[in-house]
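Geometric and topological summary
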Amino acid sequence: MGEVYVVTSGKGGVGKTTSTANIGTGLAIVGKKVVMVDADIGLRNLDVVMGLENRIVYDIVDVIEGACRLKQALIRDKRYSDLYLLPAAQTKDKSALTPEQMQKLCKQLREEFEYVIIDCPAGIEQGFKNAIAGANKAIVVTTPEVSAVRDADRVIGLLEANDLRNPLLVLNRIRPEMVKRGDMMTIEDVMEILAIEILGVVPDDESIVISTNRGDPCVADDSSWAGRAYRNITRRLLGEIVPLMKLQQEKGFLGRILRFFRFGS
Amino acid sequence: MDMFNILWRRNPSKKTAKDRLKVVLVNDRTNCSNQVLEMLKNDIVKALNIYMDIDAEALDIQITQTPIGDSQGEYMPVLNANIPIKNIRKFKEQLNRRE
């Protein structure tokens, strides 16, 4: 039986879909059999982030309504043969699913796959309840901003109330130069406030935008900084002990002098 | 700390963010557990009833934040209870019984 992870955050736009795509792809790179489920009915996006938008024939609602078989709706990734996507429906809304139906679907998927990664919609209403219903583990994504951390705290409470204990934290979009200046909360600050285990830190990196433009998750890109962060996250999910990434890049002696006088950053 | 901060002694905004978050989250978290607060309220009423008649209807309890000492940004949650007493005759009865 595989593991079912739900990737959630409460607040929108903090990087749930990007994290889902990169964690799913990262696990597939090391040879795991993975399916990513887009639970954001009506606002599907995981397909474009993965670059698979042209291959959609059936979606999750078709599967649940019995309009097609599960196998027919699963889209195989173009790069990794053991990576699949179950896309969300774009024309329906979240009331097209119930938590019970999601539980049944996840049960089916985990018999077939080693990892099921569910991309949860923003918010804490019906869509959230559907997305977490079939999961047995949770990953909470947040950014070091007050609104995102507050929502993450709320979501952690709701997850625990739904028996998803010990969620793992991904702290996204860290800007080392701002942290250094004291204008952004550090990993330690956020961990102290939320009091949950950290799965990884992802720097605010242009390569995320570029890889999303291309529909090619940056976890596969050796030169990408954020990609390296997601590779570390994948390894930690597999039980390896990997130290948190050093976010301050040394730029040499001259760089340090310039930075001291605020000419560089 | 770079030159700018040293010269202007600028207050780093992350500290403000953290302090504000801590206060907001205590409120959020206690709001989530209204049920527990209600249970606590009932138990307090039960215990107090041994000693005095209290106005259970007007009883008001809540958890608030109080700064610790004079260190800025350190808060401690405090349970505040406002309990109107109708009659404290029972208190004497209890004392007599103990003796």
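Quick note: structure is the one above.
Anyway, here's the lowdown on the structure attached to this text. (Residues numbered from 1 in each chain as written. Chains lettered and ligands numbered in written order. Predicted model: local features only at pLDDT ≥ 70, side-chain atom pairs only at ≥ 80, totals over all residues.)

**Considerations on the overall build of chain A**
For clarity, the cut-off: Secondary structure counts use DSSP, requiring at least four H or I residues in a row for a helix and at least two E residues in a row for a strand, with both numbered from the N terminus. Counting other C-beta atoms within 10 Å of each residue's C-beta, where C-beta atoms are placed from the backbone, gives the exposure class: buried for 20 or more, exposed for 12 or fewer, partly exposed between. What counts as a contact is two residues whose backbone-derived C-beta atoms lie within 7 Å of each other.
Counting its regular elements, chain A contains 12 helices and 8 strands. Overall, chain A is about 65 × 40 × 35 Å in size when its C-alpha atoms are taken along their principal axes. Sorting the 265 residues of chain A into buried and exposed places 46% on the buried side. Contacts in chain A between residues far apart in sequence, at least 24 positions, make up 75% of those at least 6 positions apart.

**As for the sheet that holds strand β1 (residues 3-8) of chain A**
The strands making up a sheet associate through hydrogen bonds between their backbones, and the pairing can be parallel or antiparallel. All names here are of chain A. Put simply, the rule is: Any two strands between which DSSP finds at least two bridges are classified as paired. Axes here refer to lines fitted to C-alpha atoms; in helices the fit is confined to the stretch in contact. Angles between the N-to-C directions go from 0 to 180 degrees.
If you walk across this open sheet you meet the 8 strands as β3-β4-β2-β5-β1-β6-β7-β8, and the pairing is mixed. The two strands at the open ends of the sheet, each matched to only one other strand, are β3 (75-76) and β8 (197-203). Two elements, β3 and strand β4 (residues 83-86), share 2 bridges in a ladder whose sense is antiparallel. Directly across from isoleucine 75, in β4, lies its bridge partner leucine 85. Along the sheet, helix α1 (residues 16-29) contacts β1, β2 (34-38), β4, β5 (115-119), β6 (137-142) and β7 (168-174); its crossing angle with β5, the most-contacted strand, is approximately 165°.

**Focus on the environment of Val48(A)**
Checked against the element boundaries, Val48(A) lands in helix α2 (residues 46-50). Apart from the residues lying within four places of it in its own chain, the contact partners of Val48(A) are Glu53(A) and Gly215(A).

**What to know about helix α5 (residues 99-112) of chain A**
Residues and elements named next belong to chain A. To be explicit about the condition: Here the expected length of a helix is defined as 1.5 Å per residue gap, with one fewer gap than residues. The directions considered for the arc run from the helix axis to the C-beta atoms.
Compared with the 20 Å implied by 1.5 Å per residue over 14 residues, the 20 Å span of α5 between its first and last C-alpha is a close match. Turning to α5, its buried residues are Met102, Leu105, Cys106 and Leu109. In a view along the axis of α5, the buried residues occupy a sector of 100°, so they form one face of it. Away from its buried face by more than 90 degrees, α5 exposes Glu100 and Glu111. Check the buried side of α5 and you find it contacts β1, β2, α3 (60-65), β5 and α6 (126-133).

**Quick word on the environment of Ile124(A)**
All names here are of chain A. Mapping isoleucine 124 onto the fold places it in the loop between β5 and α6. Looking at isoleucine 124, the number of C-beta atoms within 10 Å reads 17, which means it is partly exposed. Each C-alpha atom, one on isoleucine 124 and one on aspartate 151, is 9.4 Å from the other, the two residues being 27 residues apart in sequence. In contact with isoleucine 124, other than residues within four places in its own chain, are Gly10, Arg154, Val155 and Leu158.

**Some words on the packing of helix α7 (residues 146-161) of chain A against helix α9 (residues 187-194) of chain A**
For any two helices packed against each other, the geometry comes down to the angle between their axes and how far apart the axes lie. Residues and elements named next belong to chain A. For clarity, the threshold we go by: Throughout, a crossing is termed right-handed when the near helix is turned clockwise from the far one, and left-handed when it is turned anticlockwise from it by less than a right angle. Three residue categories are used. Nonpolar comprises Ala, Val, Leu, Ile, Met, Phe, Trp, Tyr, Cys and Pro, charged comprises Asp, Glu, Lys and Arg, and polar comprises the others, including Gly.
Between α7 and α9, whose axes approach to 10 Å, the crossing angle comes to 40°. Along this stretch, α7 crosses α9, giving a crossing that reads as right-handed. Across the interface between the two elements, Val149, Ala152, Asp153 and Ile156 of α7 pack against Val190, Ile193 and Leu194 of α9. Looking at the contact of α7 with α9 residue by residue, the classes come out as 6 nonpolar, no polar and 1 charged.

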